[in-house]
Amino acid sequence: MADRRRLERFLRSKLQEAGEGYGKLRGSTDDQLEEAREAYRVAKHARSLPSDEEGRAKIVCRRYAERRAAKLDEQYRPACYEEGHPDCEGCVEDVRSGRIETW
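Just so you know, the residues in each chain are numbered from 1, in the order the chain's sequence is written. The predicted nature of this model means local features are confined to residues of pLDDT at least 70 and side-chain atom pairs, given and counted, to a pLDDT of 80 or more, with totals for whole chains, interfaces and linings taken over all residues. Values shown for side chains rest on all heavy atoms present in the structure; no hydrogens or waters enter the calculation.

A.B. asks: So what exactly am I meant to see when it comes to the confidence of the model for the protein chain here?
C.D. replies: Low pLDDT means the predicted atomic positions in that stretch should not be read closely. Each residue carries a pLDDT score, the predictor's own confidence in it, on a scale running from 0 to 100. The pLDDT averaged across the protein chain works out to 89; a share of 99% of its residues lies at or above 70. Averaged pLDDT values for the elements of the protein chain fall to 89 in helix 1 (residues 2-47) and rise to 92 in strand 2 (residues 66-70). Secondary structure elements follow DSSP: runs of H or I no shorter than four residues count as helices, runs of E no shorter than two count as strands, and numbering proceeds from the N terminus.

Okay, here's the thing in structure tokens:
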């Protein structure tokens, strides 16, 4: 009888550990999937921007309110991007969300 209880406790603890491990793994993969979806969405918006013959995106600069043809880096920031400037930060957000004004 004691052996049966030990076996039940052992099995219960192992099943609980397996369930907790599955929960952690599931949460991790859900996060990775969400990151991948967001990266795809951002890339899709950035790729849909009109561009010139040299592959530069045709955008309207929020900072100087002028038309620009700018190369986008791997984070989809225009070459004229200045970190910390509110207009530049807003421009990058607009590029990533697909709301950027183009010409």
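Additional details are given in the paragraphs that follow.
A.B. asks: Is there a simple way to think about the side chain of Asp94 in this case?
C.D. replies: With respect to the secondary-structure elements, Asp94 resides in helix 2 (residues 86-97). Exposure remark for Asp94: the relative accessible area of 12% places this residue in the buried category. The residues touching Asp94, leaving out its near neighbours within four places in the chain, are Arg62, Arg99 and Ile100. Summary of the burial criterion: residues with accessible area below 20% of their type's maximum are buried, those above 50% are exposed, and those between are partly exposed, where the area comes from a 1.4 Å probe applied to protein chains only. Whether two residues touch is decided by their heavy atoms; if any such pair falls within 4.5 Å, the residues are in contact.

A.B. asks: When you look at the pattern of salt bridges in this model, what are you seeing that I'm missing?
C.D. replies: Between Lys or Arg on one side and Asp or Glu on the other, a salt bridge is scored when a side-chain nitrogen of the former is within 4 Å of a carboxyl oxygen of the latter. Enumeration according to the criterion identifies 11 salt bridges in this entry. Residue Arg41 is joined to Glu38 by a salt bridge in which the shortest nitrogen-to-oxygen separation is 2.6 Å. Within this pair, Arg41 and its partner Glu38 are both found in helix 1, separated by 3 residues, close to a single helical turn. Taking relative accessible area as the criterion, Arg41 reaches 33% and is therefore assigned partly exposed. On the basis of relative accessibility, which here comes to 35%, the residue Glu38 falls in the partly exposed class. A salt bridge links Glu82 to Arg63; the shortest N-O distance between them is 2.7 Å.

A.B. asks: Would you explain a nonpolar patch on the surface in this entry?
C.D. replies: Together, Leu7, Phe10 and Leu11 make up a nonpolar patch on the protein surface, roughly 300 Å² of accessible area in all. Note that Phe10 resides in helix 1. Classification of Phe10 as partly exposed rests on a relative accessible area of 46%. Like-charged residues are merged into a patch within 9 Å and nonpolar side chains (Val, Leu, Ile, Met, Phe, Trp, Tyr) within 5 Å, provided each residue has over 30% relative accessible area and no salt bridge. Residue burial considers only the protein chains on display, and all accessible areas are found by Shrake-Rupley using a 1.4 Å probe.

A.B. asks: Before we go on, may I ask you to explain the nonpolar core in this structure?
C.D. replies: Considering soluble globular proteins, one finds that nonpolar side chains tend to be buried as a cluster. Put simply, a nonpolar core is a bunch of buried Ala, Val, Leu, Ile, Met, Phe, Trp, Tyr and Cys residues held in one set by side-chain atoms that sit within 4.5 Å of each other. Counting 7 residues, the largest nonpolar core consists of Ala46, Leu49, Ala57, Ile59, Cys91, Val95 and Ile100. Looking at this core, the elements that each hand over two or more residues are strand 1 (57-61) and helix 2. When near neighbours in sequence (up to four residues on either side) are disregarded, Ile59 contacts Leu49, Glu66, Arg67, Arg68, Pro78, Cys91, Ile100, Glu101, Thr102 and Trp103.

A.B. asks: What am I meant to see in the pairing of strand 1 here?
C.D. replies: Across a regular strand the side chains alternate sides, sitting on one face of the sheet and then on the other. Counting buried positions along strand 1 yields 4 of 5 residues, so the element is predominantly enclosed. The pairing criterion for strands is at least two bridges between them, as found by DSSP. Relative to strand 2, strand 1 is paired through 5 bridges, and the arrangement is antiparallel. Opposite Ile59, over in strand 2, you have Arg68 as the bridge partner. Hairpin geometry of strand 1 and strand 2 is characterised by an intervening segment of 4 residues between the two adjacent antiparallel strands and by a positive phi of about 50° at Ala65.

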